[in-house]
Amino acid sequence: MQPYWDLTFDAGGDPDPHQRDALLSGARGLTDLVVFSHGWNNDLSTANALYDRFYAPFPGLVAAAPKARFGYVGVHWPSMRFSDEPIPDFPHAAALAAPAAGGPALAAPAVGGTPSAAPAAGGSALDARTRADLAAVFPGSEDVVARIADLLAQQPEEPERLAEFAGLVRRLTGVAPQAAVASVLAEDMASAAAGIEPQLLAGDPAAMCDVLADALAQVGCPVAPAQGETILGGLGGRVWDGAKELLRQATYYAMKRRAGTVGEQGLGPLLGGLAAAAPGVRVHLVGHSFGARLVSFALRGLPPGVRVASVTLLQGAFSHYTFSGPLPFDAKGGALHGMQQRVTGPVVACHSSHDQALSVFYPLASRIAGEDESLLGFGDRWGAMGHDGFQSLDGTPVLTLAAALAGPFPGGGCVSVDASAVVCAGGPPSGAHSDICHEELARLVLRATKV
């Protein structure tokens, strides 16, 4: 697809100036510009492969509208995907040839060509690729990552070592252990209720890791078997399997926070510059996972008077109440309440029942202390956009994908589309979370554009 531009932001939202200027000058003469942001991701090549595959159907689909002149943007921002999370139909990224100093040795390649670290019991050790990626997305953290990897590989039985591990995870991800964490986990709401502290990093580490191990087993991941009470209160391999998941979830909350920053402080203002440089271009935002959060928060960063033409959110990894008004548990409502008014067309949320990352782990990791519901139940209060679409928005249409593609499509406002029919492939722990490269979803984006 052409013309195409890469658009790279750093963790604070500053764009690459050369790429920004190339886009601002090159977009003149277009009628429509699709801006797509990846979610959790490891490297430039993986993101580019995603953009190539997702955008592939567009030239043929827009050919039916000869007066439309489309351009395409791939947003790049520093995010993190663990190497044990496959993307359906994508070749596995090659692991690094050798582990970092002091790290676990690499084993033979597994099926599909993915080398793995020689695992401790339950497979909780970090492979070399994941260690390198953690150090890259959290600059200056090499020593912390090395110690985290050592603990996961050694699986010490002393509870104080697990407490050390939880402290290192907080240090790595920049997540404070108490009240500050509540604002991180509740940041898609306009405010957090006073006194709420999430258990993810503030509660007892052994209890949380045991719960996370249960969740891993629920979605089909191999975990060490439960062995009852360990001798003298020591830890078992099952707890350390949960500890690796604790690292994953804390890392993703750091990425979630970063996505909002890049959207509001980076992409939003840049789109204001684009509106000034190429005022006739209609901008259509598309985001996957945390990239859906990024493009949504870009709406809050738009300069006064600037609007975009449509927004499509694919398996959005943020609260399904983000665009909602006042709620029983939060009088101020969602952080983006009313931001849909900065979109001239529809804001579409695609969701799938096959997305295990959002149906199991997102609400589990978001759960707060003191709630009565089961830890492993899906919490309505902490549910994700990509699991069940917009919630508590009166008048929001709820469509199947087939109906959205075949029948009348809303011209504005928020729309929930159940894409379970095509977003359905993928193994544990994330399920179908990354199964988004389908022509049907490209057609849905174009339905939202009204071309």
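The residue numbering used here restarts from 1 in each chain and proceeds along that chain's sequence as written. In view of the model being predicted, local features appear only for residues whose pLDDT reaches at least 70, and side-chain atom pairs are presented and counted only at 80 or more, with totals across whole chains, interfaces and linings using the full set of residues. Only heavy atoms go into the side-chain values, all of them from the structure, while hydrogens and water stay out.

Asker: Got a minute to help me understand the pattern of salt bridges in this structure?
Answerer: Two side chains with opposite charge may pair up if their charged atoms get near one another. The working definition used for a salt bridge is a side-chain nitrogen of Lys or Arg within 4 Å of a carboxyl oxygen of Asp or Glu. The full count for this structure, using the stated rule, is 9 salt bridges. One salt bridge in this structure joins Asp 21 and Arg 20, with 3.0 Å as the shortest N-O distance. Here Asp 210 ties to Arg 238 by a salt bridge, and the two come within 3.8 Å at their closest N and O atoms. On the criterion of sequence distance, the pair formed by Asp 210 in helix H9 (residues 205-218) and Arg 238 in helix H10 (residues 237-277) is long-range, its members being 28 residues apart. Exposed residues in this analysis have more than 50% of their type's maximum accessible area, buried residues have under 20%, and partly exposed residues fall in between, with area computed by a 1.4 Å probe over protein chains only. The exposure class of Asp 210 is partly exposed, given its relative accessible area of 31%. According to the relative accessible area criterion, Arg 238 is buried, its value standing at 15%. Through salt bridges with shared partners, one network takes in Arg 147, Arg 161 and Glu 164. Secondary structure elements follow DSSP: runs of H or I no shorter than four residues count as helices, runs of E no shorter than two count as strands, and numbering proceeds from the N terminus.

Asker: What should I look at first to understand the confidence of the model for the protein in this one?
Answerer: Detailed reading of the predicted model is not advised wherever pLDDT is low. What pLDDT reports is the predictor's confidence in each residue, on a scale of 0 through 100. Chain-level statistics for the protein give a pLDDT mean of 80 and a share of 78% at 70 or above. A contact between two residues is defined here by any heavy atoms of the two lying within 4.5 Å. In this model, residues 92-122 is a region of pLDDT below 50 whose contacts with residues beyond four sequence positions or in other chains number 54 contacts. Segment residues 368-379 is flagged for pLDDT under 50; beyond a separation of four residues in sequence, or across chains, it makes 31 contacts in the model.

Asker: Please clarify how the sheet that holds strand S3 (residues 70-76) should be interpreted in this entry.
Answerer: Remark on secondary structure: sheet strands pair via backbone hydrogen bonds, oriented parallel or antiparallel. The pairing criterion for strands is at least two bridges between them, as found by DSSP. Pairing within the open sheet is parallel, and its 8 strands lie in the order S1-S3-S2-S4-S5-S6-S8-S7. Sheet topology places strand S1 (4-8) and strand S7 (398-400) at the edges, where each strand pairs with a single neighbour. Mean inter-strand twist for the sheet, computed between neighbouring axes without regard to direction, equals 20°. Taken together, the 6 bridges between strand S2 (residues 32-37) and S3 define a ladder with parallel strand orientation. Each bridged residue has a counterpart across the sheet, and for Val 35 the counterpart in S3 is Val 73. Its contacts with the sheet place helix H11 (residues 290-300) against S2, strand S4 (282-288) and strand S5 (310-314), and it is angled at close to 145° to S4. Axis lines are fitted to C-alpha atoms, over the contacting stretch for helices. Their N-to-C directions set the angle, which ranges from 0 to 180 degrees.

Asker: What's the story with unusual backbone geometry in this structure? I'm lost.
Answerer: Most peptide bonds adopt trans geometry, and most residues besides glycine take a negative phi value. Even without glycine at this site, Gln 155 takes up a positive phi of about 50°. Mapped onto the fold, Gln 155 is located in the loop between helix H5 (142-154) and helix H6 (159-173). For Gln 155, a relative accessible area of 14% gives the class buried. The phi dihedral of Ser 392 is positive, around 55°, even though this residue is not glycine. Note that Ser 392 resides in the loop between helix H13 (385-388) and S7. With a relative accessible area of 48%, Ser 392 lands in the partly exposed category.

Asker: Honestly, H5 in this entry has me stumped. Any pointers?
Answerer: What sets the pattern is the α-helix's 3.6 residues per turn: residues three or four places apart point alike. A helix's residues, less one, multiplied by 1.5 Å, set its expected span. If you check H5, its first and last C-alpha atoms are 18 Å apart, about what 13 residues at 1.5 Å a residue would give, namely 18 Å. Phi turns positive one or two residues past the end of H5, at Gln 155, with a value near 50°.

Asker: How should I be thinking about the side chain of His 76 in this particular structure?
Answerer: Checked against the element boundaries, His 76 lands in strand S3. In this structure the side chain of His 76 is engaged in a polar contact, spanning 2.8 Å, whose partner is the side chain of Asp 6. Filtering out sequence-adjacent residues up to four positions away, His 76 remains in contact with Tyr 4, Asp 6, Leu 7, Thr 8, Phe 9, His 38, Leu 44, Ala 47, Asn 48 and Tyr 51. Two N or O atoms count as a polar contact when they lie within 3.5 Å, although within protein this holds only if one can serve as hydrogen donor and the other as acceptor, and sequence-adjacent residues are included solely when both atoms are side-chain atoms.

Asker: Which parts of the structure should I look at to understand the packing of H5 against H10?
Answerer: The packing of two helices is summarised by the inter-axis angle and the distance between the axes. At a minimum axis separation of 9 Å, H5 and H10 run at an interaxial angle of 155°. Of the possible angle classes, the one that applies to H5 and H10 is roughly antiparallel. For the pair H5 and H10, the sense of crossing is left-handed. Contacts between H5 and H10 involve Ile 148, Leu 151 and Leu 152 on the former and, on the latter, Trp 240, Ala 243, Lys 244 and Leu 247. Each angle receives one of four descriptions, namely roughly parallel if under 35 degrees, roughly antiparallel if over 145, roughly perpendicular if within 65 to 115, and oblique otherwise. Left-handed is the label given to a crossing in which the near helix is rotated counterclockwise from the far helix by less than a right angle, and right-handed is the label when the rotation is clockwise.

Asker: Whenever I open this one, helix H4 (residues 128-137) confuses me. Can you help?
Answerer: Here H4 lies mainly inside the structure; 8 of its 10 residues are buried. Of the residues making up H4, those classed as buried are Ala 128, Arg 129, Thr 130, Arg 131, Asp 133, Leu 134, Ala 135 and Val 137. Where the residues of H4 are buried, they touch H5, H6 and H10. Its side-chain oxygen 3.0 Å from the backbone nitrogen of Arg 129, Asp 127 forms the N-cap of H4.

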